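Here's the letter readout for the chains.
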Amino acid sequence: MKNSAMVMQIQDPASQRLTWYKPPLTVLVIKKVHDATILTPFVQLVHWLVHDKSMVVFVEAAVLDDTLLKEYGDFTSVRERLMTFRAGTDDLTDKIDFIICLGGDGTLLHASSLFQQSVPPVMAFHLGSLGFLTPFEFNNFQDQVMNVLEGHAALTLRSRLQCVVLRKTTEDGKEKKKPTTILVLNEVVVDRGPSPYLSNIDLFLDGKHITSVQGDGLIVSTPTGSTAYAVAAGASMIHPSVPAIMVTPICPHSLSFRPIVVPAGVELKIALSPEARNAMWVSFDGRNRQALQHGDSLYVTTSVYPVPSICAQDQISDWFDSLAECLHWNVRKKQKQIDELSDMTHSSSDTLEEIDANHHDDRPADT
């Protein structure tokens, strides 16, 4: 008889679909700040959501402080009906049905940072620079948002990393600071900061010492983050549906230190080696940068709270389209067909025969 433990259950990414258990009523609109080009799409979107769809719209209080919004006369009637909040102060848990981002990839990272537990589905419009994580075009936003409201959309569950910073305990056994827990969507980066010395970092996996990193630092990234800083440091690109954690050295002083991929369920511990000459600096999705001293530790695991990213097409097409359009993956001139090469070969042969014939004609006759 077959042992059920020996059978692997593999989930088809296409099975991840958006399902509403009740009609969505509240939406959080996040826009790229200090960008005048996004004001018009922002006003159009919130006006349509409030007046045409009768939805409750949340925006950050800082968005309404933009003085350029006063130039939009039709925004006045909408402004008073918007709900505001301040990041880091107000709790949005269980208040938002889904999120709409207007801008670049940074808006999606910001949306992730606002929800340190469960995240509502995110619909991201490409109005920024790169747009790897923003598959929707704004031209016909009404039809696209309607498809989402009706549940006609695929989802990509983008895993996040739970990062916990533990500070060294004092002589009396008390911690200097409480443990800090941060969830990141792209990566956590450990580097040497302003020091001229190499980083000397110990890496542990499930409590076992794996290696010591001597170089500029280390990148621990999600599959989503594999196409960000990690790929610039020489890592492979991983589809966001793959359950994994990528570990990539930054300029290692070694010819054999290659990036590695470890299972999503492991716990990584990063700490300064006893021989380290300087502190290490850590940042989380490019934010909350802080120094870690001897005795401090950083623990990284896969969070149970992913970011449900709404697809414009499906999980596979969206990712490969982003690779092609944003990173120009595998761009190369097409190889010529064999017929074209044959014609070139024949023409070359004919030319050689003509040269050879002319060479014989020019020879002096035998006497």
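All values derive from a computational prediction rather than experimental measurement.

Definitions and limits used
- Residues numbered from 1 in each chain as written.
- Predicted model: local features only at pLDDT ≥ 70, side-chain atom pairs only at ≥ 80, totals over all residues.
- Heavy atoms only, no water.
- Pairing = 2+ DSSP bridges.
- Helix = DSSP H or I, 4+ residues; strand = E, 2+ residues; numbered from the N terminus.
- 1 Å grid on protein atoms, 1.4 Å probe; cavity = no way out; pocket = protein on both sides within 12 Å on 5 of 7 lines; lining within 4 Å.
- Points joined across faces, edges and corners; volume = space filled by probe spheres on them.
- Nonpolar A, V, L, I, M, F, W, Y, C, P; charged D, E, K, R; others polar.
- Core = buried A, V, L, I, M, F, W, Y, C linked by side-chain atoms within 4.5 Å.
- Buried < 20%, exposed > 50% of the residue type's maximum accessible area, 1.4 Å probe, protein only.
- Contact = heavy atoms within 4.5 Å.
- Phe/Tyr/Trp six-rings, centres within 6.5 Å; stacked < 30°, edge-to-face > 60°.
- Lys NZ or Arg CZ within 6 Å of the ring centre and 35° of its normal.

(A) Structural view of the pairing of strand β18 (residues 297-302). One ladder, built from 6 bridges, connects strand β7 (residues 161-166) with β18; its direction is antiparallel. Bridge pairing in β18 links valine 165 to leucine 298. Bridge count for strand β15 (residues 268-272) against β18 is 4 bridges, and the pairing is antiparallel. By the bridge assignment for β18, alanine 271 is matched with serine 297.

(B) Local environment of empty space enclosed by the protein. Taken as a whole and judged by the stated rule, the model has 1 cavity of 30 Å³ or more. The calculated volume of the largest cavity comes to roughly 120 Å³. As for the largest cavity, its lining consists of 13 residues, of which Phe132, Thr156, Arg158, Asp318 and Trp319 are closest to the centre. Where the lining of the largest cavity is concerned, the elements lending two or more residues are β6 (155-158), β19 (307-310) and α7 (315-327). The dominant element in the lining of the largest cavity, judged by the number of residues it contributes, is α7, at 4 residues. A class-by-class count of the residues in the lining of the largest cavity yields 7 nonpolar, 4 polar and 2 charged.

(C) How the structure looks around the nonpolar core. Counting 35 residues, the largest nonpolar core has Val29, Phe42, Leu49 and Ile100 as the members making the most contacts within it. If we skip the residues at most four places from it in the chain, leucine 49 touches Val27, Val29, Ser54, Met55, Val57, Ile100 and Val145. Counting residues in hydrophobic clusters, the runner-up holds 27 residues, among them Val184, Val247, Phe257 and Leu298.

(D) Inspection of the packing of aromatic side chains at higher detail. Within the structure shown, the criterion is met by 8 aromatic pairs. Seen from their ring centres, phenylalanine 42 and phenylalanine 75 are 6.1 Å apart, and the 50° between their planes marks the pair as tilted. Separated by 33 residues along the polypeptide, phenylalanine 42 in helix α1 (residues 39-52) and phenylalanine 75 in the loop between α2 (61-64) and α3 (76-79) bring together distant segments of the chain. You can call phenylalanine 42 buried: its relative accessible area is 0%. One aromatic cluster is present, formed by Trp48, Phe125, Phe136, Phe138 and Phe141 through successive ring pairs. Above the face of the phenylalanine 204 ring, lysine 269 is positioned so that its terminal group lies 5.0 Å from the ring centre.

That's the geometry; what it means functionally is another story.
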